[in-house]
Amino acid sequence: MSLRSVEMALSTPGLDAQGNVRKVPLGIQLPKVPEPSDEMNSEHMLINLGPQHPATHGVLRLVVELDGETVIRVVPHIGYLHSGFEKLGEYRHYNQIIPLTDRTDYLSPMANNVCLALAAEKLMGIEITERCTVLRVMACEMSRIISHLVWLGTTGIDIGAYTPFLWTFQQRERIYNLQESWTGARLTTSLTRVGGLMADIPDGWEAGLAEFCRTFPKTLDDVDRMFTRNAIWIGRTQNVGSIGPEDAINYSLSGPMLRASGVAYDVRKDRPYLGYENYDFDVPVGEHGDCYDRYIVRMEEMRQSVRILEQALVRLERLKGAPINVSDPRLILPPKSRAMSDMEAMIFHFKQVMEGVKAPTGEAYMGIENPKGELGYYFVSDGTAKPVRWRIRPPSFINLACLPKLCEGVLLSDVIAINASVDIVMGEIDR
Amino acid sequence: MSPSRPEPSPSIPALTSRFGAAVLRHEVSCGDTIAYLARDRAHEILAWLKDDPAQRFNYLTDVTAVEYRDMERPLEIVYQLRSLDRKADLRCKIELDKRAPLEVDSVYDLWKGADWLEREVFDMFGVAFRGHPDLRRILMWETYSEGFPLRKDFPLRGHFSRAEQTRQALAANPEAHYSLEELSIVESYHELPADVRERLSRGERGTLR
């Protein structure tokens, strides 16, 4: 196995006599997993894990076949949370689908809203305003931070560290407060509308986000100090659940799962949307593809999200007072006061609510970089106001499909660590 | 909407020159190129798209299916391909006549990521993927027999009333959630009571007693 070194971030003890950063070897030699043997003439054991188990992050059920403590195979069973969102979408106007997206990946609702609006806008050929673009970037990056914070805290608990969970959830709470003051909801945000946003940010909101960006990295430093060089953490995660770059691509992994394996595929860079090409940020890439690298990648992604948020705040300052919605009365509901007093506005209001916005015949696939991976919404339209097909490309569904491969021959306790490192959310897997 | 006729992906001329009539037609929608492939040669064409050094569509973004409201239109299997090196996308479709059995070749041997995606299409649309190693229902339970939920002939609220669905759920036996294959791993199947075994072997799971 390869040993790694991490540069000591602590300034005083981390420097040697010449003032150079001291490198500390961190890899620990893991005991070799014994080969399954027939000597004991033992029978394989079948363990049922879940669906109601705190370490399965929702209603995931794993049937684990064991030889002693060695995993022979894992059979995941999903579908306990199946709600038929894709079917429901076929019976709704495009804007009415947005509340459904809140409930798929409920750890990053605003990013899902943005993806849906982008997919519908691609289908209808709508150019959104610049201020809307910046606000949507902020929504995406805030979602990335809260989703990764939940991942970090719960994974810590799975592996045996309770304290960082409290720290990450405190920080997550701050973003939820911002979300609440923007959209009125903490979880079911329904932030976007086709062609714009449900609401502009309230007065003084930017100051709250700027304060978050200023103080949040300290929590990351704290968690970093707790985990990154922690022997238990390293022992539980390094070289556990490794997958190489070719396999990772072949299994269609995406997001941090793919990048931890050394494939620098980030939709924000490779197929830019929302003007991400104009933001200055780095895409962290791992090299070992194990649980530890997935942790490092997600930690760094949060720092990069803060960078993007800071840049977005600067842009937002410049766009003060600019419109958030496209100026098309067929798409955007008029203000309530006008709908109640102006005949034309009332007609547009009525038509939008009763008939919906018709999309041209055609189809559009829009993929965005969600915290879990590439989230794709695929619309097929036959020219009516409701899609013929609304397909969700669910990143954690596809990442989880790889779990049996990742768990081959590991110990039972590693299944928990590997499952945690995949970062699943069952609302999206089962849809 | 678009000012001029949009250009299809450069993969299209390469495909038509190599496979000729097997590439039935192509179109561009919202900037994305769609190639319609003949069902019997689709696997061969997809394998070529994956391995040809000029194409290198090494990443299978998604597999799904589309059924149109017009019942005469064929059901479509949709493959979203992506080349990570070339940063290019291509959407391939196979049209399946609904009057014939819905069958296509699995692409699991090309992309392992197709495993669950094809199972989901099977589960939701009833399309059988030939050569898939483990084609079982995935989101619905294994013994689900009401049909295929995303088909247009499947009512939004299901075939049964809420009361009937509740009754069926309450009547389900716990062992119905294990597949026979899993039970046979530890030979616990043979340790089950005789009447349970007998019911399981008849495929009768979830009967109210």
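Along each chain, the written sequence defines residue order, and numbers are assigned to residues from 1. Written order determines the labels here, with chains lettered from A and ligands numbered from 1. Note on the predicted model: pLDDT of at least 70 is required for a residue's local features to be given, and 80 or more for side-chain atom pairs to be given and counted; whole-chain, interface and lining totals, by contrast, use all residues. Values reported for side chains reflect all heavy atoms of the structure, with hydrogen atoms and water molecules removed beforehand.

1. Topic: the packing of helix 3 (residues 109–124) of chain A against helix 4 (residues 130–159) of chain A
Residues and elements named next belong to chain A. Put simply, the rule reads: Axes here refer to lines fitted to C-alpha atoms; in helices the fit is confined to the stretch in contact. Angles between the N-to-C directions go from 0 to 180 degrees. Secondary structure is summarised from DSSP: a helix means a run of H or I of at least four residues, a strand means a run of E of at least two, and numbering begins at the N terminus for each. If an angle is under 35 degrees, it is roughly parallel; if it is over 145, roughly antiparallel; if it lies from 65 to 115, roughly perpendicular; otherwise it is oblique. Rotating anticlockwise by less than a right angle from the far helix to the near helix defines a left-handed crossing, while the corresponding clockwise rotation defines a right-handed one. Whether two residues touch is decided by their heavy atoms; if any such pair falls within 4.5 Å, the residues are in contact. In the scheme used here, Gly and all other residues not listed as nonpolar or charged are polar, with Ala, Val, Leu, Ile, Met, Phe, Trp, Tyr, Cys and Pro taken as nonpolar and Asp, Glu, Lys and Arg as charged.
At a closest axis distance of 7 Å, the pairing of helix 3 and helix 4 adopts a crossing angle of 140 degrees. In terms of their interaxial angle, helix 3 and helix 4 are classed as oblique. Relative to helix 4, the crossing made by helix 3 is left-handed. Contacts from Met 110, Ala 111, Val 114, Ala 117, Leu 118 and Glu 121 in helix 3 reach Arg 136, Ala 139, Cys 140, Met 142 and Ser 143 in helix 4. Broken down by class, the residue content of the contact of helix 3 with helix 4 amounts to eight nonpolar, one polar and two charged.

2. What to know about the packing of helix 4 of chain A against helix 6 (residues 205–227) of chain A
Residue and element names in this part refer to chain A. Where helix 4 contacts helix 6, the two axes come as close as 13 Å, and the packing angle between them is 30 degrees. Judged by the angle between their axes, helix 4 and helix 6 are roughly parallel. The handedness of the crossing between helix 4 and helix 6 is left-handed. For the pair helix 4 and helix 6, the contacting residues are Met 138, Met 142, Ile 145, Leu 149, Leu 152 and Gly 156 in the first and Trp 205, Leu 209, Phe 212, Phe 216, Val 223 and Phe 227 in the second.

3. Here we look at the sheet that holds strand 9 (residues 373–381) of chain A
Residue and element names in this part refer to chain A. Note the following rule: By the convention used here, strands pair only if DSSP detects at least 2 bridges between them.
Spatial ordering of the open sheet is given by 8-9-10, a layout of three strands whose pairing is antiparallel. Unpaired on one side and paired on the other, strand 8 (362–370) and strand 10 (389–393) mark the two borders of the sheet. Ignoring which end each strand starts from, the neighbouring axes of this sheet average 10 degrees apart. Sheet topology note: the strand 8/strand 9 ladder contains nine bridges and is antiparallel. Its bridge partner being in strand 9, Glu 369 is matched across the sheet by Glu 374.

4. Points about helix 13 (residues 343–355) of chain A
Residue and element names in this part refer to chain A. Condition: Helix span, as expected, comes to 1.5 Å for every residue beyond the first. With a 1.4 Å probe rolled over the protein chains alone, any residue whose accessible area is under 20% of its type maximum counts as buried; one over 50% counts as exposed, and the rest are partly exposed. Arc definition: it is the arc formed by the directions from the helix axis to the C-beta atoms.
Between its first and last C-alpha, helix 13 extends 18 Å over 13 residues, near the 18 Å set by a 1.5 Å rise per residue. Listing the buried residues of helix 13 in full gives Ala 345, His 349 and Gln 352. Buried residues along helix 13 cover an arc of 70 degrees about the axis, so they all sit on one side. Facing away from the buried side of helix 13 by over 90 degrees, the exposed positions are Met 343, Glu 344, Phe 350 and Met 354. Here the buried face of helix 13 lies against helix 12 (336–341). With its phi angle positive at about 80 degrees, Gly 356 sits one or two positions after the end of helix 13.

5. A short note on the environment of Tyr 279 of chain A
Residue and element names in this part refer to chain A. For Tyr 279, the location among the structural elements is in the loop between helix 10 (267–270) and helix 11 (291–318). On the basis of relative accessibility, which here comes to 5%, the residue Tyr 279 falls in the buried class. Here the alpha-carbon distance between Tyr 279 and Gly 153, two residues 126 residues apart in the chain, equals 28 Å. Those residues in contact with Tyr 279 that lie beyond four places of it in its chain are Val 134, Val 137, Leu 274, Ile 308, Gln 311, Ala 312 and Arg 315.

6. Section: the interface of chain A and chain B
The criterion, for reference: When two components associate, each loses some accessible surface as probed by a 1.4 Å sphere; the sum of these losses over both components is called the buried area. The rule for a salt bridge is simple: a side-chain nitrogen of Lys or Arg has to be within 4 Å of a carboxyl oxygen of Asp or Glu. Counted as a polar contact is a pair of N or O atoms within 3.5 Å, where, for protein atoms, one must be capable of donating a hydrogen and the other of accepting one, and residues adjacent in sequence contribute only when both atoms are in side chains.
Facing the 57 residues of chain A at the interface are 53 residues of chain B. In this assembly, chain A packs against chain B so that about 4,600 Å² is buried in total across both faces, 54% of it on carbon and sulfur atoms. For chain A, the biggest contributors to the area lost against chain B are Lys 87, Asn 250 and Glu 363 of chain A; these three give 14% of the whole. Summed over the shared surface of chain A and chain B, the number is 10 salt bridges. For Lys 152 of chain B, the salt bridge identified is with Glu 90 of chain A, shortest N-O distance 2.8 Å. Our count for the chain A to chain B interface comes out at 30 residue pairs in polar contact (both at pLDDT 80 or more). Here the residues of the side of chain A that touches chain B are counted per class, giving 28 nonpolar, 11 polar and 18 charged.

7. Describing a nonpolar patch on the surface
Convention followed: Residues forming no salt bridge and having over 30% relative accessible area are the ones grouped into patches, like charges within 9 Å of each other and nonpolar side chains (Val, Leu, Ile, Met, Phe, Trp, Tyr) within 5 Å. Reported accessibility uses the Shrake-Rupley method at a 1.4 Å probe radius. Residues are deemed covered only where the shown protein chains occlude them.
A cluster of nonpolar side chains, namely Leu 333, Phe 350, Val 353 and Met 354 of chain A, defines an oily patch on the protein surface of about 410 Å² accessible area. Topologically, Val 353 of chain A is positioned in helix 13.

8. Description of the nonpolar core
Let me state the cut-off plainly: By convention a nonpolar core is built from buried Ala, Val, Leu, Ile, Met, Phe, Trp, Tyr and Cys residues, the set being connected through side-chain atoms within 4.5 Å.
In this structure, Ile 77 and Tyr 79 of chain B are the most contacted members of the largest nonpolar core, which totals 167 residues. If one sorts the elements of this core by residue count, helix 4 of chain A sits on top with 14 residues. Those residues in contact with Tyr 79 of chain B that lie beyond four places of it in its chain are Leu 46, Leu 60, Asp 62, Val 63, Leu 90, Arg 91, Cys 92, Ile 94, Val 104, Asp 105, Val 107 and Phe 129 of chain B.

9. Things to note about the confidence of the model for chain A
Put simply, the test is: Known as pLDDT, the predictor's confidence for each residue is given on a scale from 0 to 100.
The share of residues in chain A with pLDDT of 70 or more is 90%, and the mean pLDDT across the chain is 87. Below a pLDDT of 50 lies the segment residues 7–12 of chain A, which in the model reaches 10 contacts outside its immediate sequence neighbourhood of four places, other chains included.

10. A few points about the pairing of strand 5 (residues 70–77) of chain A
With respect to burial, strand 5 of chain A is a largely interior element, six of its eight residues being buried. Where strand 4 (residues 61–67) of chain A hands over to strand 5 of chain A, the hairpin turn is made up of two residues, of which Gly 68 of chain A adopts a positive phi near 65 degrees.

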